[in-house]
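Examining the three-dimensional arrangement
Residue strings, one per chain:
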Amino acid sequence: MEVHLVADTNLFFECKSLEQLPWAELGFDPVVILLTKPVLDEIDKHKKANGRTRARALDIFSRVRTMLKQSVQEIEICAPSPRVVIRLIPNVVPDAALKEGLDYFKTDERLIGIVSTLNAQA
């Protein structure tokens, strides 16, 4: 059974590399990591920083760049089992119904709105 996980920048900056995470423990196959516009924007900011976050930002952006050059929406991170992919979903907008209660100028709150939109679509 497929599971979709909406990534936050912490997945890329605070965890082990994606290839080293224990994806099998989730009990799903495939695992689809959804990469949204707010997270792409935050990663882009870290490309200009120093240290570990810069290196990790450059790594994830090299993957995104490859996806864009190849005109693909997803790229495989781990082969079976489970299969883990990153899927770009930059055009999903935050749920308008939650706009009154959330500040969509804040990245985390925009992510909540996007998750709500994705849930409604599912």
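In this report, we go over the structure that sits alongside the text. (Residues numbered from 1 in each chain as written. Predicted model: local features only at pLDDT ≥ 70, side-chain atom pairs only at ≥ 80, totals over all residues. Heavy atoms only, no water.)

**Overview of the overall build of the chain**
Each helix and strand in the chain was counted, giving 4 helices and 4 strands. Counting from the amino terminus, the chain carries its helices and strands in the arrangement β-α-β-α-α-β-β-α. Burial analysis of the chain (122 residues in total) assigns 38% to the buried set. Counted over contacts in the chain with a minimum sequence separation of 6, partners at least 24 positions apart contribute 59%. Accessible surface for the chain amounts to roughly 7,300 Å². Of this, 54% is attributable to carbon and sulfur atoms. (Helix = DSSP H or I, 4+ residues; strand = E, 2+ residues; numbered from the N terminus. Buried < 20%, exposed > 50% of the residue type's maximum accessible area, 1.4 Å probe, protein only. Contact = heavy atoms within 4.5 Å. Areas by Shrake-Rupley, 256 points an atom, 1.4 Å probe, with all protein chains shown as cover.)

**A look at the sheet that holds strand 1 (residues 3-6)**
Backbone hydrogen bonds hold the strands of a sheet together, and the pairing may be parallel or antiparallel. The 4 strands lie next to each other as 1-2-4-3, forming an open sheet whose pairing is mixed. With one partner strand each, in any of the chains shown, strand 1 and strand 3 (74-78) form the two edges of the open sheet. In this sheet, neighbouring strand axes are inclined to one another by 30° on average, regardless of whether the strands run parallel or antiparallel. Pairing of strand 1 with strand 2 (residues 31-35) involves 4 bridges; the strand directions are parallel. Along strand 2, the bridge assignment pairs Val-6 with Leu-34. (Pairing = 2+ DSSP bridges. Axes fitted to C-alpha atoms, helices over the stretch in contact; angles between N-to-C directions.)

**Focus on the packing of helix 2 (residues 37-46) against helix 3 (residues 52-69)**
Running from N to C, helix 2 and helix 3 cross one another at 130°; their axes reach a closest spacing of 8 Å. Between helix 2 and helix 3, the angle falls in the class oblique. Once helix 2 is placed against helix 3, the crossing between them reads as left-handed. Counted together, Leu-40, Ile-43, Asp-44 and His-46 of helix 2 and Thr-53, Arg-54, Ala-57, Ile-60, Phe-61 and Val-64 of helix 3 form the full contact between these two elements. Broken down by class, the residue content of the contact of helix 2 with helix 3 amounts to 6 nonpolar, 2 polar and 2 charged. (Parallel < 35°, antiparallel > 145°, perpendicular 65-115°, else oblique. Left-handed = near helix turned anticlockwise from the far one by under 90°. Nonpolar A, V, L, I, M, F, W, Y, C, P; charged D, E, K, R; others polar.)

**Digging into the pairing of strand 4 (residues 84-88)**
Looking along a regular strand, one sees the side chains alternate between the two faces of the sheet. For strand 4, the buried fraction is high: 4 of the 5 residues fall into the buried class. One ladder, built from 4 bridges, connects strand 3 with strand 4; its direction is antiparallel. Within strand 4, the position partnered with Ile-75 by the bridge is Ile-86. Where strand 3 folds back onto strand 4 in an antiparallel hairpin, the turn is made up of 5 residues.

**Quick notes on the layout of surface pockets**
If you roll a probe as big as a water molecule over the atoms, it shows you where there is empty space left. Quantified by volume, the largest pocket comes out at close to 210 Å³. Around the largest pocket, the lining residues are His-4, Val-6, Leu-34, Arg-87, Ile-89, Val-115, Leu-118, Asn-119, Gln-121 and Ala-122. Elements represented by at least two residues in the lining of the largest pocket include exactly strand 1 and helix 4 (107-121). Ranked by residues supplied to the lining of the largest pocket, first place goes to helix 4 with 4 residues. Class assignment for the residues of the lining of the largest pocket results in 6 nonpolar, 3 polar and 1 charged. (1 Å grid on protein atoms, 1.4 Å probe; cavity = no way out; pocket = protein on both sides within 12 Å on 5 of 7 lines; lining within 4 Å. Points joined across faces, edges and corners; volume = space filled by probe spheres on them.)

Bear in mind that shape data such as this cannot, by itself, settle questions of function.
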